[in-house]
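Coordinates in review
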Amino acid sequence: MKKFKYLALILVLCLLLPVFAACNKTDDEGNAVDTLVVYNWEDYIDESQETSRLEAFKAYYKETTGNSINIVYSTFDTNETMLAKVLNNDAQSVDLICPSDYAVQKLMMNHKLASITDLIAEYNGSTLPNGQVLALDNLNTTFQNTDADFANAIRAEFSSLNTGDKVESMEDYIVPYMMGTLGILYNKNYVSEEELEEYGWGILWNEGNNEDIENKILVKDSVRDTYCAAVMYMKQYDLLPEGYESKSVQELINCTDQVMLDAAEEVLTAQREHISGYEVDFGKDDMLNEIVYVDLAWSGDALWAIEESYNEDEDDYYLGYYVPQDELGRQTGNIWFDGWVIPETSSHKRAALMFIDFMNNPANAIYNSIYIGYTSAVSRDRMMYECDVDGNILYEDGHDGEDGYELINEDVYEALVDSEYALAVEDNDGDYDFSYFEDEGRYPTILDTTQLGVMRDFGDRSEAAIKMWENAKTGKDVPWVLIWCTVAIIGFALVVLIIWVVKEKNRLRPRKIN
Amino acid sequence: MAKSLTKKFKMTKRVFSYPYILFMLLFVVVPLVMILVYAFLDNDHQFTLSNFQTFFTSRSSLYVLGNSLFVGVITTVICLLIGYPAAYFLSKSKSGGKVMVLLFILPMWVNFLIRTLATKEIFMAMNVELGMGTVLFGMVYNYLPFMILPLHTVISGIDKSYTEAARDLGADDMTTFFKVILPMSVSGILSGITMVFIPTISTFAISQLLSNGKIFLFGDSIELKFSQDMYGVGSVMSLVMLVFVLVSSFIMNRYNKNKNVGRTLW
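Residues numbered from 1 in each chain as written. Chains lettered and ligands numbered in written order. Predicted model: local features only at pLDDT ≥ 70, side-chain atom pairs only at ≥ 80, totals over all residues. Heavy atoms only, no water.

So, about the overall build of chain B. Helix and strand counts for chain B stand at 13 helices and zero strands. Listed by position from the N terminus, the elements making up chain B come as α-α-α-α-α-α-α-α-α-α-α-α-α. Radius of gyration (C-alpha) of chain B: 23 Å, far over the 18 Å computed for a compact globule of 266 residues. Across its three principal directions, the C-alpha atoms of chain B cover 70 × 70 × 35 Å. Residue burial in chain B is summarised as follows: out of 266 residues, 42% are buried. Summarising the internal contacts of chain B: among those between residues at least 6 apart in sequence, 71% fall at separations of at least 24. Approximately 15,100 Å² of chain B is accessible, and the part contributed by carbon and sulfur atoms is 71%. Taking the average place of the 21 positive charges on the side chains of chain B and the average place of its 12 negative ones, the gap between the two points comes to 15 Å. (Helix = DSSP H or I, 4+ residues; strand = E, 2+ residues; numbered from the N terminus. Rg over C-alpha atoms; globule rule 2.2 N^0.38 Å. Buried < 20%, exposed > 50% of the residue type's maximum accessible area, 1.4 Å probe, protein only. Contact = heavy atoms within 4.5 Å. Areas by Shrake-Rupley, 256 points an atom, 1.4 Å probe, with all protein chains shown as cover. Lys, Arg positive; Asp, Glu negative; His and termini not counted. Charge placed at Lys NZ, Arg CZ, Asp CG, Glu CD.)

Tracing the backbone through its elements, the reader meets Asp 286 of chain A in helix H11 (residues 283–288). No salt bridge forms around the buried Asp 286 of chain A; measuring N to O, its nearest opposite-charge neighbour Lys 120 of chain B is 4.7 Å away. Beyond its immediate chain neighbours, meaning those up to four positions away, Asp 286 of chain A contacts Leu 218, Ile 291 and Val 292 of chain A together with Met 124 of chain B. (Salt bridge = Lys/Arg side-chain N within 4 Å of Asp/Glu carboxyl O.)

This part covers the domain arrangement of chain A. All names here are of chain A. When cut into domains, chain A gives domain 1 (32–174 + 341–378) and domain 2 (181–336 + 447–474). The partner domain 2 presents 17 residues to the 18 residues of domain 1 that form the contact. Summing the contributions of domain 1 and of domain 2, the shared interface buries around 1,700 Å²; its carbon and sulfur component is 57%. On inspection of domain 1 and its partner domain 2, the count reaches two salt bridges. Here Asp 43 and Lys 284 are joined by a salt bridge, their closest N and O atoms 3.9 Å apart. Taken together, domain 1 and domain 2 are joined by four residue pairs in polar contact (both at pLDDT 80 or more). A per-class count over the side of domain 1 that touches domain 2 returns eight nonpolar, three polar and seven charged. (Domains from an automatic or database assignment. Buried area = accessible area lost by both parts, 1.4 Å probe. Polar contact = N/O pair within 3.5 Å; in protein donor to acceptor, adjacent residues only side chain to side chain. Nonpolar A, V, L, I, M, F, W, Y, C, P; charged D, E, K, R; others polar.)

What follows concerns the interface of chain B and chain A. With 33 residues of chain B in contact, the opposing surface of chain A contributes 39 residues. Across the interface of chain B and chain A, roughly 3,400 Å² is buried in total on both sides, 60% from carbon and sulfur atoms. Its largest share of buried area at the contact with chain A, chain B owes to Tyr 63, Asn 212 and Lys 214 of chain B, together 19% of the area lost on that side. For the interface between chain B and chain A, the tally reads two salt bridges. Of the charged contacts, one joins Glu 265 of chain A and Arg 59 of chain B as a salt bridge, the two residues approaching to 3.9 Å between their closest N and O atoms. Across the contact surface, chain B and chain A share nine residue pairs in polar contact (both at pLDDT 80 or more). At the level of elements, helix H1 (2–8), helix H4 (59–92), helix H6 (112–125), helix H12 (218–227) and helix H13 (231–259) of chain B are the ones that each hand at least two residues to the side of chain B that touches chain A.

Before going further, it helps to spend a moment on the packing of helix H3 (residues 79–87) of chain A against helix H4 (residues 101–109) of chain A. Residue and element names in this part refer to chain A. Contact geometry of H3 with H4 gives a least axis separation of 10 Å together with a crossing angle of 15°. Put simply, H3 runs roughly parallel to H4. Note on packing geometry: the crossing formed by H3 with H4 is right-handed. In this structure, H3 uses Asn 79, Glu 80, Met 82, Leu 83, Val 86 and Leu 87 to contact H4, whose residues at the interface are Tyr 102, Ala 103, Lys 106 and Leu 107. (Axes fitted to C-alpha atoms, helices over the stretch in contact; angles between N-to-C directions. Parallel < 35°, antiparallel > 145°, perpendicular 65-115°, else oblique. Left-handed = near helix turned anticlockwise from the far one by under 90°.)

All names here are of chain A. All told, the structure shown has 12 salt bridges over all chains when counted by the stated rule. Put simply, Glu 55 and Lys 58 hold a salt bridge, and the shortest N to O gap is 3.4 Å. One end of the pair is Glu 55 and the other is Lys 58, both in helix H2 (residues 53–65) and three residues apart, which spans about a single turn. The exposure class of Lys 58 is partly exposed, given its relative accessible area of 27%.

The subject of this paragraph is the pairing of strand S2 (residues 68–76) of chain A. Residue and element names in this part refer to chain A. Direction of pairing for strand S1 (residues 33–41) relative to S2: parallel, over a ladder of nine bridges. Residue pairing across strands places Val 33 opposite Ser 68, the latter belonging to S2. On the question of chirality, the crossover connecting S1 to the parallel S2 by way of H2 is right-handed. (Pairing = 2+ DSSP bridges. Right-handed = clockwise from strand over helix to strand, strands pointing away.)

On to the environment of Pro 107 of chain B, then. Residues and elements named next belong to chain B. Mapped onto the fold, Pro 107 is located in the loop between helix H5 (96–105) and H6. Classification of Pro 107 by relative accessible area gives partly exposed; the value is 23%. C-alpha of Pro 107 to C-alpha of Asn 142: the two residues are 35 residues apart in sequence and 8.5 Å apart in space. Among all residues touching Pro 107, those that are not within four sequence positions of it are Arg 115 and Tyr 141.

Turning to a negative patch on the surface, a few remarks are in order. All names here are of chain A. Taken together, the side chains of Glu 312, Asp 313, Glu 314, Asp 315 and Asp 316 make up a negatively charged region of the molecular surface. Along the polypeptide, Glu 312 turns up in the loop between strand S11 (310–311) and strand S12 (316–317). Accessibility expressed as a relative area gives 67% for Glu 312, which makes it exposed. (Patch = residues over 30% accessible without salt bridge, like charges linked within 9 Å, V, L, I, M, F, W, Y side chains within 5 Å.)

This brings us to unusual backbone geometry. Residue and element names in this part refer to chain A. One non-glycine residue, Asn 215, adopts positive backbone phi at about 65°. Positionally, Asn 215 belongs in the loop between helix H7 (193–199) and strand S8 (217–220). Of note, the phi angle at Asp 238 is positive, near 55°, even though the residue is not glycine.

Moving on, we come to the state of the cysteines. Residues and elements named next belong to chain A. As enumerated under the stated definition, the model contains zero disulfides over all chains in all. Here Cys 98 is not cross-linked by a disulfide; its sulfur's nearest cysteine counterpart is in Cys 228, at 20 Å. With no disulfide of its own, Cys 228 lies closest to Cys 255 among cysteine sulfurs, the gap being 13 Å. (Disulfide = S-S within 2.5 Å.)

The subject of this paragraph is the sheet that holds strand S3 (residues 96–97) of chain A. Residue and element names in this part refer to chain A. A sheet is described by the order of its strands in space; here three strands give the open sequence S2-S1-S3, paired in parallel fashion. Only two strands of the sheet have a single neighbouring strand rather than two, namely S2 and S3. Packing against the sheet, H3 makes contact with S1, S2 and S3, and its axis sits at approximately 135° to S1.

Listed below in structure tokens is the structure:
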């Protein structure tokens, strides 16, 4: 009897333990500790020792609200991995995700997201635990800090999504974080610029029969990106099925008609002969180590790798990034964006909003952008100059619109100088050097959907696309060596078995004595 | 109420098995049942048989399965060819044997992913082109200990008096080996084959890493299905895998019973 009582007591205590633990969430100074669960891409935020934006946000949060915050940070490597988790409700505790365009669309379609526009209305100006008023300076609207061109491109594609019972705009659900293009990262020692211009997307198929790069090409192990490259290749080399030649890039990369998939399967199967393999994470390292010479890459990864590829002896970078161009010299292919979304199930929505607001601040955006190599979705005007809420550049007192009198965003410039992207003003004849923002690889100039397309969700057709992708990855070549080896082995085993059986049968057995 | 409960609750030997039973239920039976259920559900959680149709009508799925079986058979045979002599000499040598066994087991203490990545780096440094050859090497390298260990245990467990008796009756080395040691180590060979064959047809990391994703095996295919949110088809493929496991262990068990030699390991 007594034993049982003790047992029961221990059991109850064990069950209550988490409850106690939850009550005890205070830091050393007795302030409450909030939690924020972030689910982001790998290598997608400044996590360096000196300028970590996660640490900076913790300090900012403490200063603003008086509470401490504990950030639980986890990562994913492809949109599909993340989608599989979220759509199967395996990520209920997540407060912030950073998916790409078409993945956000899919999440919206499945009613997984909370409207950030509504949340801003709810929390902007609300009172914080320490009595202060919350001001989301960089998040009055979801697109507040985004370039108008870029915002319009998103609106053009995603402003009227039919999510079942109503028509919604993605603008209410996403705050753009990073953007970029899909292109070719190449080694300058083995691929010339003339070749790139001549063969364009065909480089990934080694159309130029360059012996140096044969089997030294990597492509993305991700169906959407590889399909995009295949489509662009078919467009460039007139391999598109009949009736599809006149379609825009935007339509083509989102087309899932069976003829298109079959055609893509064919060119991707042919591509197997020329490439070294498929990757999503080690491409930039292999490029830097010169194990491969061509890689289908996202602009940010490419720019990061180029920075790393500085060769002191020659005072040059041995890697380059090229987005294939059409005959008018316009970049072609895919333009993508990733942005912060807040899942419906999030239980720390205020902290999540504050995080987005913080990262949307140009002074922080520049650190993330420099560290990871991607192009921040914060507009260039805001990065370079002080702006008002609507994005108009502010000028020194008594001036308006004349060159040279803009108020420079000193925080951003300081970050550029610290990372050696610009010279300090004193060392640069008193001028500001904003060449960081003029790089065409970093900031693609044309947002024209006839040449650069945004990815939309494949919807019901994604299984067909995956099937195509699997077929292409498997290839068509029959592994005859393997088959013959196996046949030989099985044959040998059979022969041994038969000999053994025959021998057993013929063996003289000792007679049984009854 | 409490009294009757305590009376019924007796500290017998059985009580100690409860944690294991619970563990088995949670981590073996429940996942298997979930796979079975998922195989019959579509994305909206409605009953369907289309997952089976998708798998059995897809050229690449069957192609990949065949490919994996070939790779599995070849890996197993190579492992056996290397593993048997190794195990035989290990169990024959007296003092050095223990150290050698340790050397064979040592790599198993390193995580197999790290081992495989290291292998890849070596191939890269040697300028070996990644492909089927490197994948087979990686498979053999990773699964060789699984072949040697059961063989070693069985062979070293054979009573020496058998070989001595064979010698007394005039058998030479070859005959002793083929007539005495080989037949007596069949159980070890069989468990070694199971230990190698089953994991090789289902691995995905080794083939992915050692061929840059160009060699696409059954395990890779299942992984792709689950990461692309196609749980249904992925479950069907896991079931197919399970059938292979069951069939091979059934065959192995039958052989073992006939031989009447208990398996000493696994």
